[in-house]
Amino acid sequence: MADPAAPPAPADAPSADAPLVAPPAATRHRKVTYRQAAQILAERDPVIARLVEEAGLPRFPARTENNFATLVRSVTYQQLAGASARAIHGRLIAALGEEVTPERLLALPPTELRATGLSTRKVESLRDLAAKVLDGSVVLDARRLARISDEEIVAQLSTVRGIGKWSAEIFLMFQLRRMDVWPTGDLAIRKGYGLAWGIPTPTPKVLDALGEPYRPYRTVLAWYCWRAAQLYGAARASAVTA
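Residues numbered from 1 in each chain as written. Predicted model: local features only at pLDDT ≥ 70, side-chain atom pairs only at ≥ 80, totals over all residues. Heavy atoms only, no water.

Chemist: What exactly am I supposed to notice about the packing of helix α3 (residues 46-55) against helix α14 (residues 218-233) here?
Modeler: For any two helices packed against each other, the geometry comes down to the angle between their axes and how far apart the axes lie. Interhelical geometry of α3 versus α14 gives an angle of 65° and a closest axis separation of 10 Å. For the crossing formed where α3 meets α14, the hand is left-handed. In this structure, α3 uses I48, R50, L51, V52, E54 and A55 to contact α14, whose residues at the interface are L221, W223, Y224, R227, A228, L231 and Y232. Of the residues assigned to the contact of α3 with α14, the class counts are 10 nonpolar, no polar and three charged. (Axes fitted to C-alpha atoms, helices over the stretch in contact; angles between N-to-C directions. Helix = DSSP H or I, 4+ residues; strand = E, 2+ residues; numbered from the N terminus. Left-handed = near helix turned anticlockwise from the far one by under 90°. Contact = heavy atoms within 4.5 Å. Nonpolar A, V, L, I, M, F, W, Y, C, P; charged D, E, K, R; others polar.)

The following block contains the structure:
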């Protein structure tokens, strides 16, 4: 049974498991922006078209840090309220002399890292990340990353203590701007998909299959699922939809 909170589906909306028309080969291979991808999907799917009307075109936060600094921030902010996370992160940046590099982080004794407010577990995570970047087991150089698949990047980052699949996928989406990332383990995405398409909240396995017709633009699909969770499920706004 469809979720009663879901908006009425258009009369011509496809069923949740109905395949969309595959994009033309030229579209699949040419580089497009997130906004262009949203327009492509809207032409193929009336549910996406409705979400484009209600939520607008995708907006992604500007990138302000290098790849290593972004992951340091991600680890620091885990399971913390915004104000506390900002304060700890600020002290950490100051301790690093405003230069967030693997070398500087490893040069700081764990006691000094702990003095910034980081937990022992997060200190271990950050030091593990820095060590793996320096030994080459985690690649963060932009040129080398351009030649590595999404799956390989997730696999590398997941070897770091404290960085899981979801964190790696968010890094792919918002820092590396990869277009075809589909975080099926994200509860808000699962709920948003169910509300937008009028089906019960799908499991990660089911959601994985439901995302297939939207390749190679599943990052955009994920953004609209987050927005649908806000629009139809009263989910709170977050950094990903601000």
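Chemist: How should helix α11 (residues 165-174) be read in this particular structure?
Modeler: A large share of α11 lies buried, amounting to eight of its 10 residues. Where α11 is buried, its residues contact α2 (34-44), α4 (67-77), α10 (150-157) and α14. (Buried < 20%, exposed > 50% of the residue type's maximum accessible area, 1.4 Å probe, protein only.)

Chemist: Would you mind showing me how to read the nonpolar core here?
Modeler: One broad trend across soluble globular proteins is that nonpolar side chains are buried collectively. The biggest cluster of nonpolar side chains holds 71 residues, and the ones touching the most others in it are I48, F68, Y193, W197 and Y224. No other element matches the nine residues that α14 contributes to this core. Apart from the residues lying within four places of it in its own chain, the contact partners of W197 are D45, V47, I48, Y214, L221 and C225. (Core = buried A, V, L, I, M, F, W, Y, C linked by side-chain atoms within 4.5 Å.)

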